[in-house]
Amino acid sequence: MAPMKLYGATMSWNVTRCAVALEEAGAEYEIVPINFATAEHKSPEHLARNPFGQVPALQDGDLYVFESRAICKYAARKNKPELLKEGSLAESAMVDVWMEVEANQYTSALNPILFQVLVSPMLGGTTDQKVVEENVEKLKKVLEVYEARLSKYKYLAGDFLSLADLNHVSATLCLFATPHASLLDGYPHVKAWWSSLMERPSVQKIAALMKPSA
């Protein structure tokens, strides 16, 4: 069977979020670059993959999946369902909870920092330091909750690796390309959790993939 195709650029942490899940799940896939400079993401071909004209999009045969976290779940369900713990109602509930936390608490605070520090200057803009500082404070409050959780469990959903952990990888790797790279140092259990994720071959491969764009 042909490998799945992940459309997007490796400088997008939404795209590399999917790549981490695909790697960890042992899926066969290839990354197909989308040229934003020529507005390829708005072309009819790409709109057929993602009607919002964004990346990522995943093609698996005749099936198209878009939205990064939906792609991650698809990869896990198809290739490594234990990443979702769907055989246990309680454990899968915790995976769901911490996937929601990643999207709506952690990454929602981190996204504006990454945009202001990494993306805006690349587009010829300037960094709004006030936005950065406000969201650094939000992220610190989120990390306090993580620190408490990870003082009791090795991983976010429990003492098992899940997609809830892996979904953090790409945006956190981008954080380390900013002046706020030392942010995790104040949270020893968070730091230990992150170190354990960085030891995984899937994460190391994607970290290397992202480096040229960092």
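Residues numbered from 1 in each chain as written. Predicted model: local features only at pLDDT ≥ 70, side-chain atom pairs only at ≥ 80, totals over all residues. Heavy atoms only, no water.

Draft legend 1. View of the layout of surface pockets. In this structure, the largest pocket occupies an estimated 910 Å³ of space. Around the largest pocket sit 33 residues that line it, and Met11, Ser12, Trp13, Asn14 and Val119 are the ones nearest its centre. Among the elements that take part in the lining of the largest pocket, helix H4 (residues 89-122) stands out by supplying 4 residues, more than any other. Of the residues contributing to the lining of the largest pocket, the split by class is 20 nonpolar, 9 polar and 4 charged. (1 Å grid on protein atoms, 1.4 Å probe; cavity = no way out; pocket = protein on both sides within 12 Å on 5 of 7 lines; lining within 4 Å. Points joined across faces, edges and corners; volume = space filled by probe spheres on them. Helix = DSSP H or I, 4+ residues; strand = E, 2+ residues; numbered from the N terminus. Nonpolar A, V, L, I, M, F, W, Y, C, P; charged D, E, K, R; others polar.)

Draft legend 2. Seen up close, the sheet that holds strand S2 (residues 29-32). Within the open sheet, the 4 strands sit side by side as S2-S1-S3-S4. Their pairing is mixed. The open sheet has two edge strands with one neighbour each: S2 and strand S4 (63-66). Between one strand and the next, the sheet's axes are offset by a mean angle of 20°, whatever the strand orientation. Bridge count for strand S1 (residues 4-7) against S2 is 4 bridges, and the pairing is parallel. (Pairing = 2+ DSSP bridges. Axes fitted to C-alpha atoms, helices over the stretch in contact; angles between N-to-C directions.)

Draft legend 3. Region of the structure containing a nonpolar patch on the surface. Taken together, the side chains of Met11, Phe115, Met122 and Leu123 present a nonpolar region at the surface, about 440 Å² in accessible area. Relative to the assigned elements, methionine 122 resides in helix H4. (Patch = residues over 30% accessible without salt bridge, like charges linked within 9 Å, V, L, I, M, F, W, Y side chains within 5 Å. Areas by Shrake-Rupley, 256 points an atom, 1.4 Å probe, with all protein chains shown as cover. Salt bridge = Lys/Arg side-chain N within 4 Å of Asp/Glu carboxyl O.)

Draft legend 4. Main features of the pattern of salt bridges. Here the structure, examined in full by the defined rule, presents 9 salt bridges. Among the salt bridges present, the one from arginine 200 reaches glutamate 24, with a minimum N-O distance of 2.7 Å. With arginine 200 in the loop between helix H8 (188-198) and helix H9 (201-210) and glutamate 24 in helix H1 (residues 13-24), this residue pair connects regions lying 176 residues apart in the sequence. Assessed through its relative accessible area of 22%, arginine 200 is described here as partly exposed. A salt bridge links aspartate 60 to lysine 78; its shortest N-O distance comes to 2.6 Å. Residue aspartate 60 is found in strand S3 (residues 57-60), and its partner lysine 78 is found in helix H3 (residues 68-79); the two are separated by 18 residues along the sequence. Look at aspartate 60 and you get buried, because its relative accessible area is 7%. Put simply, Arg17, Arg69 and Glu102 are held in one network by salt bridges that share partners. (Buried < 20%, exposed > 50% of the residue type's maximum accessible area, 1.4 Å probe, protein only.)

Draft legend 5. Representation of the nonpolar core. Counting residues in hydrophobic clusters, the biggest one holds 64 residues, and the most contacted among them are Tyr146 and Trp193. Ranked by residue count, the leading element in this core is H4, at 10 residues. Non-local contacts of tyrosine 146, meaning those with residues more than four positions away in its chain, are made with Trp98, Val101, Glu102, Tyr106, Leu156, His168, Val190 and Trp193. (Core = buried A, V, L, I, M, F, W, Y, C linked by side-chain atoms within 4.5 Å. Contact = heavy atoms within 4.5 Å.)

Draft legend 6. Fine view of the packing of aromatic side chains. Tallying each qualifying case throughout the model produces 5 aromatic pairs. Taken together, a centroid distance of 5.5 Å and an interplanar angle of 25° make the contact between tyrosine 106 and tyrosine 146 stacked. In this pair, tyrosine 106 is assigned in helix H4 and tyrosine 146 in helix H5 (residues 129-150), connecting sequence segments 40 residues apart. Each member of the pair, tyrosine 106 as well as tyrosine 146, carries the same accessibility label: buried. For the ring pair tyrosine 146 and tryptophan 193, a centre distance of 6.2 Å and an interplane angle of 70° mean the geometry is edge-to-face. Taken together, the positions of tyrosine 146 in helix H5 and tryptophan 193 in helix H8 put the pair 47 residues apart, joining distant regions of the chain. Note on tyrosine 146: relative accessible area 0%, which makes it buried. For tryptophan 193, a relative accessible area of 3% corresponds to the buried category. One aromatic cluster in this structure is built from Trp98, Tyr106, Tyr146 and Trp193. Against the face of tyrosine 7 rests arginine 49, its NZ or CZ located 3.9 Å from the ring centre. Over the aromatic face of phenylalanine 160 sits the side chain of lysine 85, whose NZ or CZ is 4.7 Å from the ring centroid. (Phe/Tyr/Trp six-rings, centres within 6.5 Å; stacked < 30°, edge-to-face > 60°. Lys NZ or Arg CZ within 6 Å of the ring centre and 35° of its normal.)

Draft legend 7. Representation of the UniProt feature "domain: GST N-terminal" (unreviewed entry) in the protein chain within the structure. The feature "domain: GST N-terminal" (unreviewed entry), as given by UniProt, occupies residues 2-83 in the numbering adopted here. Structurally, residues 2-83 is divided into 34% helix and 20% strand, and its ends, taken at the C-alpha atoms, are 23 Å apart. (UniProt positions renumbered as here; feature names shortened; annotations may be inferred.)

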